[in-house]
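# Structural overview
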Amino acid sequence: MGEVILTMKGIDKSFPGVHALDHVDLEIRKGEVHALMGENGAGKSTLMKVLTGIYSKDEGTITYEGKEVTFSNPREAQAAGVVIVHQELNMMGHLTVAQNIFIGREIMSGGIIDDKKMNEEARKLFDKLNIDIDPTETMSRLTVGKQQMCEIAKAISHDAKVIIFDEPSAALTEAEIEELFKIIRDLREKQLGIVYISHRMDEIKVITDRVTVMRDGGYVGTLITKDCTKDDIINMMVGRVIYEDPKTESTVPKDAPVVLRVEHLNAGKMVKDVSFELHKGEILGFSGLMGAGRTETARALFGADPKESGDVYVNGEKVEIKTPQDAVRCGIGYLSEDRKRFGIVVDKTVAENSTMASLERFMKGIFINKKKEDQVSQEYVEALKTKTPGVDQLVVNLSGGNQQKVVIAKWLVRNCDILIFDEPTRGIDVGAKSEIYHLMNQLVAEGKSIIMISSEMTEILRMSDRIIVMCEGRKTGELGIEEATQERIMHAATLRN
Amino acid sequence: MADNQKKGNAFTNNPIVKAVGTQKIVVVLVLIILLAFFSAASSAFRQYSTILSIMDYTYYLAFLGIGVTFCLITGGVDLSIGTGLVCYGLIGGYLITHNNIPVIVGILVTLLVGVLMGTVNGLIVSLGGLPPFLATLCTMMIARGLGSLATSGLSVNWPPTAAENGWARMLFKIEVGGVKLPIGFIWVLLFAVIMSIVLNKTKPGRYIIAIGSNKEATRLSGVNVVKYQTLAYVFSGFFTGLAAIAYANTFQALAPGTGAGMELNAIGGAIIGGTSMSGGMGSIAGTILGVFIMSVLQTGLPNIGLQANYQQIIIGMVLILAVLVDVFKNKKLA
Amino acid sequence: MEKIRNNAVVKKIGFNRLVLCGILLLMYILFAILSPTFLSYSRILSALNYAYFLGFLSLGVTFVIATGGIDFSIGPVMFCAALVSGQLLTKNEWPLIPCLVVSILVGTLFGVINGVLVAYGGLPSFITSMASMMISKGLGSVFTKTQSVSWPQASEANGWYRNLIRLKIGGIQVPTGLVILIVAAIICAIVLNKTRIGRYILCIGSNREAVRLSGVNVKKWEMLAYIICGMLAGVAAIFFVGAYSTVQPGLGDTYNNEAIAGCVMGGTSMSGGLASIGGTLIGVMIIALLQEGILAMGFQKDYQYVLTGVIVLVAVYADIRSRRRRN
């Protein structure tokens, strides 16, 4: 670790009704990888947005290379050498790789863009980083992982002195993460300051030198990574000890009936010959790396996307599921990984969302029976302990965890026996997380059956009775909870053919 | 590497097909079939005057098409180009015929009004954040009213070829030894080549494609998206001005309150030529081919006995077909 | 200001709607001052004539806009319906009732076409409806061989349909059309807020994919919005000829914009999910009054095109601003 390159001191930022940052400190040295951690909503992204000039700060100072600076937009920050690699991909799919990398600073010759030169430069850049990508390829034709590599290459090509990685590994495969870490270590060698935002505790231990933890918009503390344990960091993040004990044995009786059987499901490139069974009262975990085809399997099973072949049996009977309607009719409910886009209608009320899937039950003639609708919704608000002022509250005003409960309520009102939870706790803070877990256990105890797709190993090990592992569209492993270990799951998740 | 990419079939992977684009090859084939069909079905179509007539339609449609292609590439659209054409042509022509200003000044005024209106459209969309189709629908109405108010509801005839100041018409058609030559296509080609270069080889073009592909990412790359999004509409306004000049100097009169519908021919042409309604993708050459199909239809349909009212129906259907293909194409890409 | 906004009565009616009513009143006073003849009863009746057909168009398109779509074909479809049914009535001498039914059927047919293409074909609604605008214009002129059609006057045979609009009771012209329009609006409001169609239409406008993944047949409900819209355009045709008798082929597209203007002024959001039938009705009244006022003051109709354009721009901008502020 070298000298200090960037210091943020006493940064304060308020939005109407929210004190987003409360006098936060952060110090980045040359040649270090500095992890920034905290629950969702802890203020990590806001802090980085203040740094790169997307938001202006209310109070505090930013010192960069010995001088006090204020960047008024990302471009200024970029010019000074502070670059952010965004969480969501920022690419223009119709342009080529090189055109993407040089967007906003094209190489010109005589008023005309010199694409040839740009391709050469991009190729040199990739060679330097040991990335194998053709600069003339159209961006949208690359895999997500490759696209992310381009994004990183683009950031590096800005002569950056400080690079911020905002959850870079979320979309990468194991091999690609290895590649990414190689690049990051290389950058560290070159004395760059690196901020690494991630939720993956294992990665933090592997790649970072120091950890700064934030909680509720405030600064909690900074630790040297190699001197602290995972629990230390978690304790600082949540301010309390949480127990993430794995489940040791399945609670499902051996002779529990099969409620759902899927045989040889094929859909697109991401679902290849997937077969499995789901028993009554079981939580069936679907594990695998990002892009393994788990969500695609769920969507094809649910009829959200077309499938090419495969048979589905519900309670032993063969069913045709071509649309979500068919699936719902068979008693299957799907809770999407992307709640805001696929789960809830944000500017409608809790009641309206709760009855969305079963409105025909709330009809009195041609009219909607509002009283019954409110009453039933209220029952589920109470049963699920949803925190809302009332059933006529717009869902947009609820927190992530409570929005998730509204989606659960929607399927419970519909009386679905098979529930597919796709990343049920994504974007939900730790406290609400355990509530959702509790709820899932309660549901299976009542005889429902759950398929749970999760990218969090601890979640899979804690919740599942049985685990199916997928890799690149195929089922590569099936483990009972008794025999499941992180290593065995990871082994199956990286089994390629 | 290769297995990471989406594969095409043998035809689409052929290097020539790849360079020209599948859609353009199909469009050329359709064009040939259409011409063959009309020629076979009608003896009137097999005459030299048919070429002149197709060309007359092509000029203004091509200019409209070139302009609106830029808007479509940003993911927007410009619906004001139809009534705009008439409005700008009326204003320019009125000043020439009623206020006796020189034709060249009239032409400049026409272009200027176009650019002005394009700027207004662009700012409403880029700064105001209105959906492009709505914003330009409003300016479509406004242009319609303004054109009519500017001439107090009178039709305007730009000076005829025979007149002393009728040189503007000779930009599009000249008579050499008793044969009329459609030289206007030189202008169309010239501007098509220029705008092709602008689209593919300059910053404005690059950023316009980038905005259509992913506006937020383009903004975060430090590109002034407001400026370049506006510019697309300014191009559209300028080319609508050019189209007004072409229209006014190839056809007889400009009547206030008309022009609605032309935008659909131009947009239809652009989409047929492979420009996507969802933005990020488009080519000037394709647009020229597409509007050519529109012109052939407009010239050919009366020859087989289908008058204006049938044409509307057929062009409406062609439009739906073109958009269906576009939607299907995008689905396959995704 | 906040106090007024939070008043229980104001909240119930809606602040924006009260403001709109205020604007309506102010406009009326303004026109009355500027043009002395404006206060006469016949002016009001004339303004209402305009409001009837526009009202039905606007009510219909409110459903489409609520889904997040748009229908630019309603004006020409209305004309097409009036032309086809009028041709059957006057040239083919069909009885009146079947002709009125045909008018509504023609409108519904275009609603089905638009609905199928948008909901099932996945086409953008604005371009689809513009295409069907052209088709309806062409169809209208093909059917009448490019002749205009004049529906019978009240005194003529088959003229009783005009009573739908205006009934002479004891020497006083009673605007029956207003009663029918208000009843229609109430029915629309009930459909939109109290039935499954309306619930799903509004939810589709907010988040189509979430509704689909709830196992709802979104294509069906989305298509229904266009069908309702087309059907009401067919009804509008009856009220148009009831007021103005004559329809010409190849026209009608200017009414699209006015109908949409009525909607967005009334607080229906162009991005979908939010619609107000009451607001639409007041919006339509404002447009109708504006048109009457411009005529009364001796201005050309062209001013109205310009003004309507500006009004929609402002209304949509205001909607976008308020949305941004909320997020």
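Predicted model only: the values in this text are computed from it and were never measured. (Residues numbered from 1 in each chain as written. Chains lettered and ligands numbered in written order. Predicted model: local features only at pLDDT ≥ 70, side-chain atom pairs only at ≥ 80, totals over all residues.)

The next subject is the overall build of chain B. Within chain B, the secondary structure is distributed over 14 helices and four strands. Computed over C-alpha atoms, the radius of gyration of chain B comes to 20 Å, within 12% of the 20 Å expected from 2.2 N^0.38 for 334 residues, which places it in the range of a compact globule. By its C-alpha atoms, chain B is 65 × 50 × 35 Å across when sized along the principal axes. Buried residues in chain B amount to 55% of all 334 residues. If you take every contact in chain B between residues at least 6 apart in sequence, the share linking residues at least 24 apart comes to 76%. (Helix = DSSP H or I, 4+ residues; strand = E, 2+ residues; numbered from the N terminus. Rg over C-alpha atoms; globule rule 2.2 N^0.38 Å. Buried ≥ 20, exposed ≤ 12 C-beta atoms within 10 Å, placed from the backbone. Contact = placed C-beta atoms within 7 Å.)

A common way to express how large an interface is: the accessible area buried when the components associate. Counting from both sides, the interface comprises 35 residues of chain C and, opposite them, 35 residues of chain B. For the side of chain C that touches chain B, the secondary structure elements donating two or more residues are α7 (125-144), α11 (253-265) and α13 (302-326) of chain C. Here the side of chain C that touches chain B takes 13 residues from α7(C), the largest share from any one element. Residues belonging to the side of chain C that touches chain B are distributed by class as follows: 21 nonpolar, 11 polar and three charged. (Nonpolar A, V, L, I, M, F, W, Y, C, P; charged D, E, K, R; others polar.)

An α-helical segment advances 3.6 residues per turn. Residues three or four places apart therefore align on the same side. Residues and elements named next belong to chain C. The terminal C-alpha atoms of helix α8 (residues 176-194) lie 27 Å apart, and with 19 residues this matches the ideal 27 Å at 1.5 Å per residue to within 8%. For α8, the full list of buried residues reads Gly177, Leu181, Ala184, Ala185, Cys188, Val191 and Leu192. Down the axis of α8, the sector holding all buried residues measures 125°, keeping them to one side. What points out from α8, more than 90 degrees from its buried face, is the exposed set Val179, Ile182, Val183 and Ile187. (Expected span 1.5 Å × (residues − 1). Arc of directions from axis to C-beta.)

The partner chain A presents 24 residues to the 17 residues of chain C that form the contact. Broken down by element, the residue count for the side of chain C that touches chain A peaks at nine residues, all from helix α9 (residues 196-212) of chain C. Looking at the side of chain C that touches chain A residue by residue, the classes come out as five nonpolar, seven polar and five charged.

With that out of the way, let us pick up the sheet that holds strand β22 (residues 449-453) of chain A. All names here are of chain A. Strand order in the open sheet made by the six strands is β18-β21-β22-β15-β23-β24, with mixed pairing throughout. Strands at the two margins of the open sheet, each flanked by one partner only, are β18 (332-335) and β24 (474-480). Across the sheet, the axes of successive neighbouring strands diverge by a mean angle of 20°, strand direction being ignored. (Pairing = 2+ DSSP bridges. Axes fitted to C-alpha atoms, helices over the stretch in contact; angles between N-to-C directions.)

Our next topic: the pairing of strand β16 (residues 309-314) of chain A. Residues and elements named next belong to chain A. Relative to β16, strand β13 (residues 258-267) is paired through five bridges, and the arrangement is antiparallel. Counted as the bridge partner of Asn266 is Ser309 from β16. Where β16 lies against strand β17 (residues 317-319), three bridges are found, and the strand directions are antiparallel. Bridging across to β17, Val314 finds its partner in Glu317.

Residue and element names in this part refer to chain A. Overall, antiparallel pairing links the four strands, which are arranged β14-β13-β16-β17 in an open sheet. Two strands bound the open sheet, and with one partner strand each, they are β14 (271-279) and β17. For this sheet, the mean angle separating the axes of adjacent strands, direction not counted, is 20°. Across the face of the sheet, helix α9 (residues 294-302) comes into contact with β13, β14 and β16 while running at roughly 110° to β13.

Next up on the list: α9(C). Residues and elements named next belong to chain C. Over its 17 residues, α9 runs only 14 Å from end to end, short of the ideal 24 Å by more than 12%, given 1.5 Å per residue. At Ser206, α9 shows its strongest bend, of approximately 110°. Burial runs high along α9: 14 of the 17 residues are buried. (Bend = angle between axes of the 7 residues up to and from the residue.)

The subject of this paragraph is the confidence of the model for chain A. Looking at chain A as a whole, the pLDDT averages 87, with 94% of positions reaching at least 70. Taking the mean pLDDT of every element in chain A, the minimum, 74, falls on helix α8 (residues 230-238) of chain A and the maximum, 96, on β22(A). (pLDDT = per-residue confidence, 0-100.)

Glancing now at unusual backbone geometry. Positive phi is not limited to glycine here, since Asn315(A) has a value of about 50°. Looking at the element boundaries, Asn315(A) is found in the loop between β16 and β17. Asn315(A) sits in the partly exposed class, given 15 other C-beta atoms within 10 Å. Backbone geometry at Lys145(C) places phi at a positive 50°, although glycine is not the residue there. With respect to the element layout, Lys145(C) can be found in the loop between α7 and β1 (149-150).

Turning to the packing of helix α6 (residues 96-120) of chain C against α7(C), a few remarks are in order. Helix packing geometry: the angle between the two helix axes and the distance between the axes. Residues and elements named next belong to chain C. Two numbers describe how α6 lies on α7: the axes approach to 10 Å, and their chain directions differ by 150°. Considered as vectors, α6 and α7 are oriented roughly antiparallel to each other. Every pair of crossing elements has a handedness; the one defined by α6 and α7 is right-handed. Residue-level contacts link Phe110, Ile113, Asn114, Leu117 and Val118 of α6 to Ser125, Thr128, Ser129, Ser132 and Ser136 of α7. When its residues are assigned to classes, the contact of α6 with α7 shows four nonpolar, six polar and no charged. (Parallel < 35°, antiparallel > 145°, perpendicular 65-115°, else oblique. Left-handed = near helix turned anticlockwise from the far one by under 90°.)

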